[in-house]
Amino acid sequence: MGKVTHDHSKYANIRFDTQDESAIMVDILETIPYEYPGKDTEVVIPTSEFTSVCPWSGLPDFAELTITFIPDRLLVEMKSLKYYLTSYRNVGIYQEHATNRILEDLVNLIKPKYMKVEAVWNPRGGLGTRVVAEYTKEGYVRK
């Protein structure tokens, strides 16, 4: 059997269009009042459907995302959170930056006592990534 050669030059200039971070719909986020402000209730929001794209290639990055927080006076409204997270779909952003950006946007929105955003990114080329970003309100001690 002879040796097969492939011409891979056809892939050299392929790039999928990506959006920049201005496409992230922060303004879509809404809040609802938390009716138990004296009670530390842990809220956990998991999703296995988070997608953004590699800023170099435009190829999709998929992550299992878990948002965990202890509210102070506000909760994030779930439908608005779904739209917000979906707006990352074509945004070219590094995995570490996406995770931190989500944390930053949600902390600015609801000003929780504590929040953690954990993203477990699907492996590509044999390497997976787990990114954890946390915030604790000044003076708050988690029990």
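Rules and cut-offs
Residues numbered from 1 in each chain as written. Predicted model: local features only at pLDDT ≥ 70, side-chain atom pairs only at ≥ 80, totals over all residues. Heavy atoms only, no water. 1 Å grid on protein atoms, 1.4 Å probe; cavity = no way out; pocket = protein on both sides within 12 Å on 5 of 7 lines; lining within 4 Å. Points joined across faces, edges and corners; volume = space filled by probe spheres on them. Helix = DSSP H or I, 4+ residues; strand = E, 2+ residues; numbered from the N terminus. Nonpolar A, V, L, I, M, F, W, Y, C, P; charged D, E, K, R; others polar. Salt bridge = Lys/Arg side-chain N within 4 Å of Asp/Glu carboxyl O. Buried < 20%, exposed > 50% of the residue type's maximum accessible area, 1.4 Å probe, protein only. UniProt positions renumbered as here; feature names shortened; annotations may be inferred. Contact = heavy atoms within 4.5 Å.

## Quick notes on the layout of surface pockets
Gaps between atoms show up when a probe of the same size as a water molecule is rolled over them. Its boundaries defined by the atoms lining it, the largest pocket holds a volume of some 240 Å³. In this structure, the largest pocket is lined by Ile45, Pro46, Thr47, Glu49, Phe50, Thr51, Met78, Leu81, Lys82, Leu85, Thr86 and Arg89. Residue assignment for the lining of the largest pocket shows that the elements contributing at least two residues are strand 2 (43-53) and helix 1 (78-86). At six residues, the largest contribution of residues to the lining of the largest pocket is made by strand 2. Among the residues forming the lining of the largest pocket, the class breakdown is six nonpolar, three polar and three charged.

## Points about the pattern of salt bridges
Per the stated rule, a full pass over the model turns up seven salt bridges. Among the ionic pairs, Asp105 bridges to Arg101, the shortest N-O distance being 2.8 Å. Of this pair, Asp105 and Arg101 both sit in helix 2 (residues 95-110), four residues apart, which is roughly one turn of the helix. Assigned by exposure class, Asp105 and Arg101 land together as buried. Members of the salt-bridge network, linked through shared partners, are Glu21, Arg101 and Asp105.

## Some words on the UniProt feature "binding site: substrate" (unreviewed entry) in the protein chain
With numbering matched to this structure, UniProt assigns "binding site: substrate" (unreviewed entry) to Gln95 and Glu96. Along the chain, Gln95 falls in helix 2. When sequence neighbours within four positions are dropped, the list of residues in contact with Gln95 reads Asp61, Trp121, Thr129 and Val131. Locating Glu96 in the fold gives a position in helix 2. Overall, Glu96 belongs to the partly exposed group, its relative accessible area being 38%.

## Remarks on the UniProt feature "active site" (unreviewed entry) in the protein chain
The positions that UniProt labels "active site" (unreviewed entry) are, in the present scheme, Cys54 and Asp61. As for its position among the elements, Cys54 is in the loop between strand 2 and strand 3 (60-70). Given the relative accessible area of 14%, Cys54 is considered buried. Excluding residues within four positions of it along the chain, Cys54 makes contact with Thr18, Leu59, Asp61, Gly92 and Arg124. Here Asp61 is to be found in strand 3. Not counting the four nearest positions on each side in its chain, Asp61 is found in contact with Phe50, Thr51, Ser52, Val53, Cys54, Gln95, Trp121 and Arg124.

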